[in-house]
Structure formats: C-alpha cells, structure tokens
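Spelled out from the first residue to the last, the chains are:
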Amino acid sequence: MKKSTTNNRILQIFIVINILFLSLIIYLSYFELYGKEPIMANNYNRRLKAYEDGIVRGQIFDRNGEVLAETKIVDGISNRNYPYKRLYAHIIGYNSNIYGKTLLEARYNDTLLGKNALGFVGNAMSLVKGEDKTGNNLILTIDHSLQAKARELMGDNRGAIVAINPKTGEILAMVSTPDYNPNESSLRENWSDLSTGENSPLLPRALIGLYPPGSTFKVVTTVSAIEVGLDDFIAEDTGSVVIDGKTFSNAGDKAYGELNMTSAMAYSSNVYFSKLSEVLDSKALISTAEKAGLNKNLDFDLPTKKSSINSVIDSKTEFAATVIGQGELLVTPLQMALICAGIANDGVIMKPYLVKNVSDRYDTILTTTLTKESGVLTDPETAEIVKEMMIEVVKNGTGKRASISEVIVAGKTGTAQNEKSSQGQGNDHAWFIGFAPASDPEIAIAVIIENQEKDGGQLAAPIAGKIMAEWINKNNKK
Amino acid sequence: MDKFVNPKSKKSKPIAPIHLVALIDLVIFGLLSIRSGIFVPIILALGTIKAVMTYLTTIVLRKYRMGDTYISLIVAMLLSMGLSMQLRLSTEIGVKQFIWFLIGMGLFIVTASTYHLVYKRIKSIWFFYALMIILFILTQIIGTSINGAKNWIILGKLSFQPSEFIKILFVFFMASFVSDPEALRLKIADKMTSPKWTLMVMVFIVLGFFVLQREFGTALLIFIIYLSILYVFEKAVVFVGINAIIAGLAAFVAVQVMPHLKIRMDSWLNPFADIAGKGYQITQSLFAIGSGSFFGTGLGLGYPHFIPNVETDFIFSAICEEMGIFGGIAIIVLFMLLVYRGIKVCLLLRDPFTKSLAFGLTITIGFQTFLIIGGVTRVIPLTGITLPFVSYGGSSLVSSFIILGLLQSLSGFILRKEVFEVEEIDN
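Below or above, wherever it landed, is the structure these notes cover. (Residues numbered from 1 in each chain as written. Chains lettered and ligands numbered in written order. Predicted model: local features only at pLDDT ≥ 70, side-chain atom pairs only at ≥ 80, totals over all residues. Heavy atoms only, no water.)

A few points about the overall build of chain B
- Within chain B one finds 14 helices and 5 strands.
- Put simply, chain B has 427 residues, and 55% of those count as buried.
- In chain B, once contacts between residues fewer than 6 apart in sequence are set aside, the share between residues at least 24 apart is 71%. (Helix = DSSP H or I, 4+ residues; strand = E, 2+ residues; numbered from the N terminus. Buried < 20%, exposed > 50% of the residue type's maximum accessible area, 1.4 Å probe, protein only. Contact = heavy atoms within 4.5 Å.)

Below, the structure is given as structure tokens:
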C-alpha cells in the first residue's frame, strides 16, 4: 500500500514535469504566431540589418523600365542610389542606414529584400548557383518622362500634382514640392534643414497634404444636385448674395446675370451655388462626398491622410460655404484626382496604385497588380452631364488655359481660401482638376499650387493642360 | 516486469532508432564539413566517430545486459543536435566539446558498469554532505571569478564548475536521507532533534553557499529536487509547504537586497525597458527565436552570434534560430522521453535509496531543462544554468554523463539485483 502511494507521487511529479515541458512548447508556438510580431522590428534586432547587408536590394523601375532606384555594392558596403535624385523623393522615399526607410522603400521592404515566399524560392536557387542573394524589383505605374515634365512645370512652387489613368487607377505621375535629394550622402548633409524646415520638404503633399478644395468641389456639388433632380435650377447672379446674415460673393465681385448650372460651372459662380445650397439637402451632399471618398481611409500603396467633410451640417451659412468648397472641408490632391477620374470613368472610381509588377533578378514578372473598383461616385448619366459642364469650363469658362489643340479637355478650376489667406496673411491656393480627351479619357489630373496671387485658371490650368498634352501625344505616337 | 530487465526478452531490439541517429549524424556532420565551401575532413570524421560510438554503446549495453538501451539513444540524438550546433558556432569550440563528449562517454561506461559494485557501501548522508561542503569551501578559497561570480576552480589547464558536481552529490545526499532518516536525529543540548528539521537546516546552508556564489539557477534547481523528494518519499506535504514559504520569503528579501538578482527580475519583467543594458541578452535571444520561426533559417544561415553566451546558456535559442522551433520542440520532446525512461526505472526500483536516487537524478535533468529553456524564452526569469548534453562546457557535459551512467546502472545491474533478491526471498 505504502509503495503504491510512493509510485503515485512519482507519477504526479512526472506529470508536473510534462506539463511544464508542454507549456514551453505551447508558448514557443504562440510566440512564433503572435508574440513576436511587436518586437521583431526593434532597432536592437541586428538580424534585420545583417540580413539586409547580405542581400542586394531590389531595383525600382518606371513603367518603361527606366531605373529609378538601385543598390550598388562597393567593397562590401551596399549603397542605395537614386539616379534622378529629388524627382522621386515623394514616391520612392529613401532607404538610409541612419534615417530608416520611408514610402515605397518602407512599404515594400520585404519584397525588395526578397523576404517573402517568392524571394525565398529565388534565393534558394541563388545559393545553389553561387550568386548573390537578391531581392525582387518593383515596376511602377509612373511614367518617367511625364513625371519629369510635371516636376519641371512645378518649378520652385510649393504644391502637388497627381496624374492618374482614370480607367485603371494607375498613378502616372505624382509630384510634391518642396522635395529633397533622397541619396544617403545628401540626407546626411541636409538632415537638420529637412527635418525642421518651415516648408516641410519631407512631407509628401500629394498624399498627406490636406487642403480646402475651393471651387473644384463644385464638381461634387453638381453631381449631388443632378442626382436629386436640380439640374434645371436657375438663379440670378447679382455679384453677391446674403445667406443667413453672411455675404457670399464671386471672385472679383463680378455679376453674371441669369445662370443655369452649366454656365454657373463655367464661370464658377459662387452666388449661383450659394443659392443652390438653399434648395439642396445637406445630407444628400454629404452622402455624395462620402461616395467620392471623403471621410474614408484610402487603400493605397503609400500612407495617405483621410479627406474629410463634416458628417452633420446644420447651419445654412456653413452649408453654403461647403457647397462652394470652403467651410469644414479638407482634401488631399490624390483624392481630388480620384474624384475627377471618377467623372471621367462614367462615375466609377478605380483603386489607385503605384506598383504595377514585382519582378525577379532575371526581370521575370512575378506578380501583376489587378485593377479594381474603389467605389462608385455616381451613375453614368450624371457623370456624362457633369463631364459636359466641365468641357464647357475649359472651352468657354475659367479653365481656358488648360485647353489642348485638337483635344477636348474637361476640367474645373479652384481658388481656395485657406487659414492664412482668410486672415489676409497670404494668398489663396490655385487648383485645377481635369481630364482628357473628354470622349475617351486617358489621363485625369489634379494640380494645386500653394499661396499664389494668380488663381487656379491662370496658374494651375495651364500646367495641367501641358501635362495632359504630353501624355496624349506620347500615347498617339505609339 | 519491464522488458529491458528481462534477459530472455528478444523484443528489445532498438534497430530502427539507432540507424536513424547514425544517419542524422552522417548527414548533419557531412553538410557541416562542406559548409564554408571547402571540405573540412575533421568535422566529417567527428560525425563518423559519433555514429560509431552510438553503435558501440548500444552493442555493449545489450551484450552485457546493462539495462535500458533507449536512455543512451535519446541522449545520442540530443548530442547530435548539440555537437553539430557547437561545431557550427565555432569549429574550435565544437572540437573541444567533442573531446569532452568522448571523456563523458568514458565516464558513462565506467559509471554504468561499476556503480552497482559499490552502491550499497556508499550511502552515508554525512559523507555526501561533507563532500559538498568541502567543494564549496575549496571554491571559496582557490576559486576564480568568471563573470563576477566566484564559482570556478582552475587547476593548471583544467577548469571546472563545482556546482555541476555538487548537484549530483545533493541527490545522493537526499537519497541517503530517504533510506535512513534516523541518521539525522541528533542530540543537541540533551534534546533529540527531528530529522526533517535537521535536514532543512543542512539544505538551507547548501542553498546559502549557492547564493553566495551567485549560482541562483542551481540553488533553485536543488531546492526543487529537495521539495520533490520530500513530497514523494516522506509524504510531508505540510513540511514542503513550510519550506516553500520560507524559501519564498528569503527569495523575496534577496531580490530586494541583492542588485544582481534585482537585475534578473527586471530584465525578465520588462527586457525592452533597458534593451541596451540589462535586457540585451534576453531580447537578443527572443529575436533569434523569432527570426527562426517554425522551420529555422537553416544551419549556418542565421546570426546566433548576436546572442552573448550563445554556446552555453543560450544554445537553445541558437537551435531555435537555425533549426526552427520544430528543432527546439524536438529538444524538449527528447528530454520528455529521457525523463519518461528515468521515471520508468524509478517506478520499478524497490529499495528506498536506489528508488529516490533514480528519481532525484531524473528530475534533476527534467527541471534543469525546464529552468534554462524557460529562461531563454522568457517564460520564467533567466537563471543561467546549462542545458544538459547540449550546452558547451566540460563540467556540464561530464556531470550529465555521470547522471546518465548512474541511471544506466540503476536500470540494469541494480534493478536486476533487486528483482532477483526479492525473488530469492519469495522462494
């Protein structure tokens, strides 16, 4: 009897030891599945750096194979080289030993290092063949010549340009200024200016710059008005109108007389649209704006800020201001380009993307990004009506300077008051959104230039026109 | 009766596992020998020797009916992983470890084939206790500090860590107590002391020496052995509880007053707070385990050298990095099997001394494994003891082989003796 109790107790201790061992096994499995995730990216994990040193980081190409970023290994030290320097700073970002990684270099780090399944297969082969380990390459949707043209037209101004293929969502060019040279040596030299500079040169304005849209937002207003059957709305424009005690007036205090919606768009009449606000339901406009992508996070290859509209607008003056693109409205240049692309593409907004393909070291295409819808802004009929109005803007209205010979262009100008300009401390932002050719759009564009004396029609429209012309000519030559 | 003590049984043919171990040896060591692109014949030679040794051991054990042939096979597999990892970390260290492995094998065979001749004579509790205290005092007098703790004895070219052997002596000491507790009924000031309380005082003195030498891991390990043996063989649940409470309070006070212990607790609770300092080791270990994921980077393709002390305390993390946690789990499962075989021997033994000796030795390996693996994975605070048969170190390897030899002897000659003696009485 006594002996069997001893053996029972021995078995109890045996079970305790086994439970301890099993708990280790369970913990290890848990650690690999979930526990390690928040710690592995720690700077003290020298493995990440060691892994990178042993691998040739993948290249980045434009849509035609132009090299935009490459890694050269000199004496065992790998060095990331950006041959076009500042031109792609706000798309590719930088990959620096000191300052880390940003934008595409950060988002596609695993792909560029071959750290995903595709890379492992390739590098297992390289081990056998005795070649250097190499990451995979990115092929972008960007067109280098269009990007260069857009950057050149931007000059020394601050602002952003986003050009997009409205049928696919491919980003063709994306410029944010001021910009900087992302090569390591240059970063090191200028870092204190870059990181603390007053004009925030490290900020990719096209993606995270939030601006009031100004009159370009009237595109969204007209969509909303047409959808509720207000396309025949007519108003007398006397140069200004008082709504609930606040005066709304046209740019330059011009009076246009009796206006229908098309001519109001063409002249960008604030009086007409303010009067329209009195018959338009604020909920309808907010709903249309949300369909246009406001108040939603944008699914994109790079981090973006959320464009926003107040989700409840009670005050009449606030609503009148919103209708003409002022008020509590903030949009990114990318978002405005998408809204414009939505009108161009029969009301359907395609999901924007920057990375077209991933390829391996032998330039074999490994993956292709599929185009997909991001959302429906409106129905094709409404889109067609708005398109006609936008054609009128460029033909006879404020956007004349965006016109291209032998091509019909649709567009909308904007001159947006901002915090500084409304206090008289600076100038308004100049906006233009548009697309061409109107019958079969190949390119949609948004241009914003910060704090300009000249308005959107004078300054932003010609830049947009030249970029669209460049792209259409290039496509026709093919 | 278990088949491995039945000389007539023909079922105990461990053919398949032994071929597997030999095959793994040849493959791992073969690949290691061409790892750098240049063929290093010595590594392949070591692998061959290792495989031959595995065969020889099993043949000898079977031929002379020396008991359980699986125990040494399980250890052979652990050694395949341990030695190959050491050779991968550094050929120099790997070769040294291999030499220790050969010495250990020699001691294993000697212990396994001779211990049954002497075990009945050597079981005086005072003898084992005196040996422990002498070793402690020797360490204090002629010991050398390595990493801030005076726990090494260096004699000429030979250096060893006494705590690895005190650990075994302690198990003998406890087994002697179980077989004859009355030896500790002392007459002090005309009063007879209770053996249990005498034992407790003696054990706490040993613990005190370990703490003095900053061997917190070993102190914890022998304390667990002490409590387990008391629980199993003395059925002293209340007494075990009292001991645990006293030790717990002592540990609590120690953590407050000893900065060395406090650092260990802090680096366990929040290693990322001081990642460049106190938390460096443990976080590097976690990065290694994490980067290995389930299948590992492959032998030679990781960065285990980023972990300080990787070849001793953190060898398990290196295995997890390069062989994946499946490699790590294999290690754990092998130890589970080893403990299982040890417990099996222990259940069959009848004499209190041999039974508690087998039990003590088995759980020493079991708990030591848990303490170090739990430590490097941050399940429990890191205590800095070695992983038996896998960590680098002569003392650790030799003492593990002595434990193995004792278990082998207990499973063979001694078990058979006990069985026959009982049968004779029955007749």
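Quick look at the interface of chain B and chain A
- Listed by partner, the interface residues are 48 residues for chain B and 35 residues for chain A.
- Carbon and sulfur atoms supply 77% of the area buried between chain B and chain A, which totals about 4,000 Å² over both sides.
- On inspection of chain B and its partner chain A, the count reaches 1 salt bridge.
- One salt bridge in this structure joins E321 of chain B and R47 of chain A, with 2.8 Å as the shortest N-O distance.
- In this assembly, chain B and chain A are joined by 11 residue pairs in polar contact (both at pLDDT 80 or more).
- Of all the elements in the fold, those that place two or more residues in the side of chain B that touches chain A are helix 8 (216-234), helix 11 (280-292), helix 12 (315-348) and helix 13 (352-376) of chain B.
- Ranked by the residues each element gives to the side of chain B that touches chain A, the list is headed by helix 12 of chain B, at 13 residues. (Buried area = accessible area lost by both parts, 1.4 Å probe. Salt bridge = Lys/Arg side-chain N within 4 Å of Asp/Glu carboxyl O. Polar contact = N/O pair within 3.5 Å; in protein donor to acceptor, adjacent residues only side chain to side chain.)

Looking at the packing of aromatic side chains
- Tallied over the entire structure, the rule returns 33 aromatic pairs over all chains.
- Judged by centre distance (6.3 Å) and plane angle (90 degrees), the rings of Y211 of chain A and W431 of chain A are edge-to-face. With Y211 of chain A in the loop between helix 8 (205-208) and helix 9 (218-227) and W431 of chain A in strand 22 (residues 428-436), this residue pair connects regions lying 220 residues apart in the sequence. You'll find Y211 of chain A and W431 of chain A in the same group, each marked buried.
- Three or more aromatic residues joined by ring pairs form one cluster here, namely Y115, Y119, F127, F128 and F172 of chain B.
- The lysine or arginine in question, R46 of chain A, covers the ring of F306 of chain B, its NZ or CZ lying 4.0 Å from the ring centre.
- Note that K196 of chain B overlies the ring of F239 of chain B, its terminal NZ or CZ placed 5.5 Å from the centroid. (Phe/Tyr/Trp six-rings, centres within 6.5 Å; stacked < 30°, edge-to-face > 60°. Lys NZ or Arg CZ within 6 Å of the ring centre and 35° of its normal.)

Some points on helix 17 (residues 456-477) of chain A
- The end-to-end C-alpha separation of helix 17 of chain A is 30 Å, in line with the 32 Å expected for 22 residues at 1.5 Å each.
- The N-cap of helix 17 of chain A, judged by a side-chain oxygen 3.1 Å from the amide nitrogen of G457 of chain A a few residues on, is D455 of chain A. (Expected span 1.5 Å × (residues − 1).)

Brief notes about the sheet that holds strand 4 (residues 77-81) of chain A
Residues and elements named next belong to chain A.
- Ordered by their spatial adjacency, 6 strands build an open sheet running 4-3-2-8-18-19, and the pairing between neighbours is mixed. Single-partner strands in this sheet number two, and they are strand 4 and strand 19 (365-368).
- Taken together, the 4 bridges between strand 8 (residues 137-140) and strand 18 (residues 355-359) define a ladder with antiparallel strand orientation. Looking across to strand 18, one finds that N137 is bridged to S359. (Pairing = 2+ DSSP bridges.)

Here we look at the pattern of salt bridges
Residues and elements named next belong to chain A.
- With the rule as written, the count across this model stands at 22 salt bridges over all chains.
- Put simply, R63 and E170 hold a salt bridge, and the shortest N to O gap is 3.2 Å. Of this pair, R63 sits in the loop between strand 2 (60-61) and strand 3 (67-74) while E170 sits in the loop between strand 9 (159-164) and strand 10 (171-177), placing them 107 residues apart in sequence.
- Judged by relative accessible area, which is 23%, R63 ranks as partly exposed.
- Between R158 and E450 there is a salt bridge, with the nearest N and O atoms lying 2.6 Å from each other. Of this pair, R158 sits in the loop between helix 6 (144-154) and strand 9 while E450 sits in strand 23 (residues 443-452), and the two are 292 residues apart along the sequence.

Considering unusual backbone geometry
All names here are of chain A.
- Omega for the peptide link from T177 to P178 comes to 0 degrees, which places this bond in the cis form.
- Checked against the element boundaries, P178 lands in the loop between strand 10 and helix 7 (184-196).
- With an omega of -15 degrees, the peptide bond running from A436 to P437 counts as cis.
- Tracing the backbone through its elements, the reader meets P437 in the loop between strand 22 and strand 23.
- The backbone phi angle of L103 is positive, close to 45 degrees, even though this residue is not glycine.

Some words on helix 13 of chain B
All names here are of chain B.
- With 25 residues, helix 13 should cover 36 Å at 1.5 Å per step; its first-to-last C-alpha distance of 36 Å lies within 8% of that length.
- Buried residues dominate helix 13, accounting for 24 of its 25 residues.
- After helix 13 finishes, the residue R378 shows a positive phi value of roughly 65 degrees.

Considering the nonpolar core
- By size, the foremost hydrophobic cluster in this structure holds 138 residues, and its most contacted members are F173, Y226 and F359 of chain B.
- Among the elements that make up this core, the one with the highest residue count is helix 12 of chain B (18 residues).
- Excluding its chain neighbours within four sequence positions, the residues that come into contact with Y226 of chain B are F170, M174, L199, M200, V203, F239 and N243 of chain B.
- Grouped together as the second largest cluster of nonpolar side chains are 94 residues, M261, A264, L285 and C340 of chain A included. (Core = buried A, V, L, I, M, F, W, Y, C linked by side-chain atoms within 4.5 Å.)

Focus: the sheet that holds strand 23 of chain A
Residues and elements named next belong to chain A.
- Spatial strand order, 10-9-23-22-21: 5 strands in an open sheet with antiparallel pairing. Here the strands that pair on one side only, and so sit at the sheet edges, are strand 10 and strand 21 (410-416). With strand direction ignored, the average angle separating the axes of adjacent strands in the sheet is 5 degrees.
- One ladder, built from 6 bridges, connects strand 9 with strand 23; its direction is antiparallel. When the sheet's bridge partners are listed, A160 is paired in strand 23 with I448. (Axes fitted to C-alpha atoms, helices over the stretch in contact; angles between N-to-C directions.)

Some thoughts on a nonpolar patch on the surface
All names here are of chain B.
- Together, I134, I137, L138, I141, I142, L155 and L158 make up an exposed nonpolar region whose accessible area comes to about 630 Å².
- Considering each element in turn, the nonpolar patch owes the most residues, 5 residues, to helix 5 (residues 125-142).
- The topology assignment puts L158 in strand 3 (residues 158-160). (Patch = residues over 30% accessible without salt bridge, like charges linked within 9 Å, V, L, I, M, F, W, Y side chains within 5 Å. Areas by Shrake-Rupley, 256 points an atom, 1.4 Å probe, with all protein chains shown as cover.)

Re the side chain of S409 of chain B
Residues and elements named next belong to chain B.
- In this fold, S409 is placed in helix 14 (residues 394-426).
- Take S409: its relative accessible area is 0%, and that puts it in the buried class.
- When neighbours within four sequence positions are excluded, S409 is seen to be in contact with T111, A112, Y115, H116 and I414.

Let's talk about the packing of helix 6 (residues 162-179) of chain B against helix 13 of chain B
Residues and elements named next belong to chain B.
- Their axes nearest at 8 Å, the elements helix 6 and helix 13 cross at an angle of 145 degrees. Remark: the crossing between helix 6 and helix 13 carries right-handed chirality. Touching K167, I168, V171, F172, A175, S176, V178 and S179 of helix 6 are P352, F353, S356, L357, G360, L361, T364 and Q368, all from helix 13. (Left-handed = near helix turned anticlockwise from the far one by under 90°.)

So, the packing of helix 14 (residues 333-344) of chain A against helix 15 (residues 380-396) of chain A
All names here are of chain A.
- Where helix 14 meets helix 15, the axes come as close as 8 Å, and the angle between the chain directions of the two elements is 110 degrees. As the angle between them shows, helix 14 and helix 15 are arranged roughly perpendicular. Every residue of helix 15 that contacts helix 14 at C340, I343 and A344 is listed here: A383, V386, K387 and M390.
- A per-class count over the contact of helix 14 with helix 15 returns 6 nonpolar, no polar and 1 charged. (Parallel < 35°, antiparallel > 145°, perpendicular 65-115°, else oblique. Nonpolar A, V, L, I, M, F, W, Y, C, P; charged D, E, K, R; others polar.)

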